[in-house]
Amino acid sequence: MSAQTAKIRLSFDVSLEDRGDHWAALIEQIGTRVYAKNEQAALKRAGEMVEFMGKSLSEHVTLDDVRKYLDRHGVWYSVEITDSENPRVGRPRRYRLEQPLAFAV
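Analysis parameters
Residues numbered from 1 in each chain as written. Predicted model: local features only at pLDDT ≥ 70, side-chain atom pairs only at ≥ 80, totals over all residues. Heavy atoms only, no water. Pairing = 2+ DSSP bridges. Helix = DSSP H or I, 4+ residues; strand = E, 2+ residues; numbered from the N terminus. Axes fitted to C-alpha atoms, helices over the stretch in contact; angles between N-to-C directions. Contact = heavy atoms within 4.5 Å. Expected span 1.5 Å × (residues − 1). Polar contact = N/O pair within 3.5 Å; in protein donor to acceptor, adjacent residues only side chain to side chain. pLDDT = per-residue confidence, 0-100. Core = buried A, V, L, I, M, F, W, Y, C linked by side-chain atoms within 4.5 Å. Buried < 20%, exposed > 50% of the residue type's maximum accessible area, 1.4 Å probe, protein only.

1. Some points on the sheet that holds strand β4 (residues 32–36)
Sheet strands associate in pairs through backbone hydrogen bonding, adopting either a parallel or an antiparallel arrangement. Pairing in this open sheet of three strands is antiparallel, and the strands run β2-β3-β4 from one edge to the other. Where the open sheet ends on each side, the last strands, each with one partner, are β2 (14–18) and β4. Within the sheet, the average angular offset between the axes of one strand and its neighbour, ignoring direction, is 20°. Across five bridges, strand β3 (residues 23–27) lies against β4 in antiparallel orientation. Paired with Trp 23 across the bridge in β4 is Ala 36. With respect to the sheet, helix α1 (residues 39–60) is in contact with β2, β3 and β4, its orientation differing from that of β4 by roughly 140°.

The following block contains the structure:
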């Protein structure tokens, strides 16, 4: 039996706030806030926080636990399970797509 790995792609909403001498970035779905000197650094730090969270979770919980957490917090994500013997063959597990629709009013 070959080993399988899972890749999760996340999509978070981040709100930025100029606080005068620094910027705050709120990662809305998980209620985590990070701080930095400027807007770009705050966005970067928010990404680093999500990456840190992902690494921490992968060491302590199962994929099903992570999916339940993400569902509970309204995080958009997709999971792709890849066979290590044939990494080009993946099995998408879940995808959420956004598609704007135009209507005459």
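Moving on from the coordinates now.
2. Concerning α1
Relative to the 32 Å expected for 22 residues at 1.5 Å per residue, α1 spans 32 Å between its end C-alpha atoms, a close match to the ideal helical length. Residues of α1 that are buried make contact with β1 (4–11), β2, β3, β4 and α2 (63–72). N-cap assignment for α1: the residue whose side-chain oxygen lies 3.3 Å from the backbone N of Gln 40 is Asn 38.

3. Section: the confidence of the model for the chain
In the predicted model, the chain carries a mean pLDDT of 80, and the fraction of residues at 70 or more is 78%. For the chain, per-element mean pLDDT is lowest for strand β6 (residues 86–94), which scores 50, and highest for β4, which scores 95. Predicted confidence for residues 89–93 stays below pLDDT 50, and this span has 14 contacts to residues more than four positions away or in other chains.

4. Quick look at the side chain of Gln 29
Relative to the elements of secondary structure, Gln 29 occurs in the loop between β3 and β4. Polar side-chain contacts of Gln 29 include one of 2.8 Å to the side chain of Asp 13. With residues up to four places along the chain from it excluded, the contact list for Gln 29 reads Ser 11, Phe 12, Asp 13, His 73, Gly 74 and Val 75.

5. Notes on the nonpolar core
Core analysis: the largest hydrophobic core is formed by 17 residues, its most contacted members being Phe 12, Ala 25, Ile 27, Ile 30, Ala 42, Ala 46 and Leu 70. Those elements giving two or more residues to this core turn out to be β3, β4, α1, α2 and β5 (76–83). Sort the elements by how many residues they give to this core and α1 lands first, with four residues. With sequence-adjacent residues up to four places away left out, Ala 25 is seen in contact with Val 14, Ser 15, Leu 16, Thr 32, Arg 33, Val 34, Ala 42 and Ala 46.

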